[in-house]
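# Close look at the chain arrangement
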Amino acid sequence: MIKPQSPFILIFLLSISHLPGALSQSQDECKPESNNTCIDNDKALDLKLIAIFSILITSLIGVCLPFFARSVPAFQPEKSHFLIVKSFASGIILSTGFMHVLPDSFDMLSSPCLGDNPWHKFPFTGFVAMISAVFTLMVDSITTSVFTKSGRKELRPEVTSAETPDQETGGVQVHAPHHGHGHGHGHGHGLHGDNDKELGSSLQLLRYRVIAIVLELGIVVHSIVIGLSVGATNNTCTIKGLVAALCFHQMFEGMGLGGCILQAEYGWVKKGVMAFFFAVTTPFGVALGMALSKTYKENSPDSLITVGLLNASSAGLLIYMALVDLLAADFMGQKMQRSIKLQLKSYAAVLLGAGGMAVMAKWA
């Protein structure tokens, strides 16, 4: 259901990143600092290896923690405490898009290493983020529509076959027409009511699954880009700050994703696969950056354009998911609307999660 997005983004990025205007404007400004005392290849290698394992472990802890919430009665999905924790995690995802990914894209696409035309004359970051949000809405909407129609078609034959015996029973009872009619009519309404409830719960489950998959896509793209930047640099001062911040970042972001996966009610195999992909993406990005450290240059025009556009696309997706599919869906839901007190607690949780993640933007 998300496959159409990948070729579109890749073709778009490759076509833009090779525009003639991507030529460096000032080669002197784009050269890495060779006399920096923090540059130490051997020490940087050790820090990168530490980063791979520490980020992997904290990511696994964060994404797997919600899976065991069912064993704690207070944090089961239908409880109020779960909504408060989910609001905290949604605030983290929202802040990741606004405070981490989007500013990085602005910095990269407004770099002096890129030519004035077109990079300094058009706000590509805002444009790509906007297109990404609209495209995410399109995928979200069309996918839900397709599965809604297929779900209704599957349930309709079951209702027809279930109603037939009742209708026949009503027809047989000729000597007591009022009783027969009342029994068939009432039972038919019960079947329709059960069917509506089943369809409603199926559609809600579908929404949760679409949200979980699309959200993971945005987080995975963002995580690889972050890992790539860590693996490509040999600046030990930069790596030290990034590793500590990324561990907290990945753990709390994993909690948000884990909560969505939990609500999607996947089996343990699918839960494990989704958790695995989230946990390994940043370490994979670090390893990829290490492998490409000799050819990948952070300040090269191609790298700045490609990573900048990827960040903008990821930011648009994360902001849309956080605001529309997570926060708006919960706060406009029946459970929240019935309790102002629960809303206030959840708003405080959102601000706490978003504020904490915003503070981390100083280091990562």
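Residues numbered from 1 in each chain as written. Predicted model: local features only at pLDDT ≥ 70, side-chain atom pairs only at ≥ 80, totals over all residues. Heavy atoms only, no water.

## Structural notes on the overall build of the protein
What counts is decided by this rule: Comment: elements are numbered from the N terminus, with helices defined as DSSP H or I runs of at least four residues and strands as E runs of at least two. Using a 1.4 Å probe on the protein chains alone, a residue whose accessible area is under 20% of its type maximum counts as buried, one over 50% counts as exposed, and one in between counts as partly exposed. Contacts between residues were defined by any pair of non-hydrogen atoms, one from each residue, lying within 4.5 Å. For the area figures, the Shrake-Rupley method with a 1.4 Å probe applies, and any residue is considered shielded solely by the protein chains shown.
In terms of helices and strands, the protein carries 12 helices and 0 strands. Listed N to C, the secondary structure of the protein is α-α-α-α-α-α-α-α-α-α-α-α in terms of helices and strands. Here the protein holds 364 residues, and 45% of them are scored as buried. Pairs at least 24 residues apart make up 86% of the contacts formed inside the protein by residues separated by at least 6 positions. With the model as given, the accessible surface of the protein reaches about 18900 Å², and the carbon-plus-sulfur share is 68%.

## Notes on helix α10 (residues 301-331)
Going by this rule: Given a helix with a known number of residues, its expected span is that number minus one, times 1.5 Å. To get the bend at a given residue, fit one axis to the seven residues ending there, fit another to the seven starting there, and take the angle between those axes.
With 31 residues, α10 extends 43 Å from end C-alpha to end C-alpha; this agrees with the ideal 45 Å at 1.5 Å per step. At M321, α10 shows its strongest bend, of approximately 30 degrees. Of all 31 residues making up α10, 24 are buried, and the element is well covered by its neighbours.

## Looking at the packing of aromatic side chains
The condition that has to hold: Only Phe, Tyr and Trp rings take part, Trp by its six-membered ring, and two of them pair if their centres are within 6.5 Å. Stacked means planes under 30 degrees apart, edge-to-face means over 60, and tilted covers everything else. In our convention, an over-ring charge means Lys NZ or Arg CZ found within 6 Å of a ring centre and within 35 degrees of that ring's normal.
Applying the stated criterion across every chain yields a total of 8 aromatic pairs. Taking 6.4 Å as the distance between ring centres and 85 degrees as the angle between the ring planes, the aromatic pair formed by F67 and W268 counts as edge-to-face. Here F67, found in the loop between α3 (41-64) and α4 (80-109), pairs with W268, found in helix α9 (residues 268-291); they are 201 residues apart in sequence, far enough to count as distant. Arranged with centres 5.9 Å apart and planes meeting at 75 degrees, the rings of F276 and F277 form a pair that is edge-to-face. Among the aromatic residues, ring-to-ring pairing joins W119, F122, F124 and F127 into one connected group. Lying over the aromatic face of F67, K271 brings its terminal NZ or CZ to 5.7 Å of the ring centre.

## Regarding the pattern of salt bridges
Put simply, the rule is: Each reported salt bridge corresponds to a side-chain nitrogen of Lys or Arg within 4 Å of a carboxyl oxygen of Asp or Glu.
Applying the stated criterion across every chain yields a total of 3 salt bridges. Put simply, D330 and K86 hold a salt bridge, and the shortest N to O gap is 3.3 Å. Within this pair, whereas D330 is found in helix α10, its partner K86 is found in helix α4, the two being separated by 244 residues in sequence. One exposure class covers both D330 and K86, and it is buried. Here D140 and R207 are joined by a salt bridge, their closest N and O atoms 2.6 Å apart. Placement of D140 in helix α6 (residues 124-172) and of R207 in helix α7 (residues 177-232) is noted, with a sequence separation of 67 residues between them. Among the residues examined, D140 registers a relative accessible area of 3% and is labelled buried. Judged by its relative accessible area of 22%, R207 is partly exposed.

## Comments concerning the nonpolar core
Rules: Each nonpolar core is a collection of buried residues, namely Ala, Val, Leu, Ile, Met, Phe, Trp, Tyr and Cys, held together in the definition by side-chain atoms within 4.5 Å.
Formed by 37 residues in total, the largest nonpolar core has its most connected members in L215, L257, I261 and M321. Of all the secondary-structure elements, those providing two or more residues to this core are α4, α6, α7, α8 (236-263), α9, α10 and α12 (340-360). For this core, the leading source of residues is α10, giving 10 residues. Apart from residues no more than four positions distant in its own chain, L215 is found in contact with I93, L257, C260, L317, L318, M321 and L326. By size, the runner-up hydrophobic cluster in this structure holds 13 residues, among which are A44, I55, I239 and V243.

## Quick word on the side chain of S132
Within the secondary structure layout, S132 lies in helix α6. If we skip the residues at most four places from it in the chain, S132 touches S313, G316 and L317.

## Description of the packing of α8 against α9
Axis angle and axis distance: for two packed helices, these are the angle between their axes and the distance between the axes, and together they describe the pair. What counts is decided by this rule: Axes, fitted as lines to C-alpha atoms, cover a helix only where it is in contact. Angles between the N-to-C directions of the axes lie from 0 to 180 degrees. Any angle that falls under 35 degrees is termed roughly parallel, while one over 145 is termed roughly antiparallel, one within 65 to 115 roughly perpendicular, and all others oblique. The crossing is said to be left-handed when, going from far helix to near helix, the turn is anticlockwise and less than a right angle, and right-handed when the turn is clockwise. Think of it as three bins: nonpolar holds Ala, Val, Leu, Ile, Met, Phe, Trp, Tyr, Cys and Pro, charged holds Asp, Glu, Lys and Arg, and polar takes everything else, Gly as well.
It is the contact of α8 with α9, at a shortest axis distance of 11 Å, that shows an interaxial angle of 160 degrees. Taken as axis vectors, α8 and α9 run roughly antiparallel relative to one another. When the axes of α8 and α9 are compared, the crossing they make is right-handed. Along its contact with α8, which presents Q250, E253, G254, L257, I261 and L262, the element α9 presents K271, M274, F278 and T282. Each residue belonging to the contact of α8 with α9 can be placed in one class, and the counts come to 5 nonpolar, 3 polar and 2 charged.

## Regarding the environment of C237
By the element assignment, C237 lies in helix α8. Assessed through its relative accessible area of 44%, C237 is described here as partly exposed. Distance in space between the C-alpha atoms of C237 and C38 is 5.7 Å, their sequence separation being 199 residues.

## Quick notes on unusual backbone geometry
In this structure, P118 follows N117 across a cis peptide bond, with omega equal to 10 degrees. Despite not being glycine, E265 has its phi angle at roughly 55 degrees, a positive value. On the basis of relative accessible area, E265 is assigned to the partly exposed category, the value being 49%.

## Let's talk about the confidence of the model for the protein
Note the following rule: Scored from 0 to 100, pLDDT reflects the predictor's confidence in each residue.
Averaged over every residue, the pLDDT of the protein is 79; the share at 70 or more is 76%. Below pLDDT 50 for its whole length, residues 16-26 participates in 30 contacts with residues either more than four positions away or in separate chains. Predicted confidence is poor over residues 166-182, with pLDDT under 50, and the contacts of this stretch with residues over four places away or in other chains come to 7 contacts.

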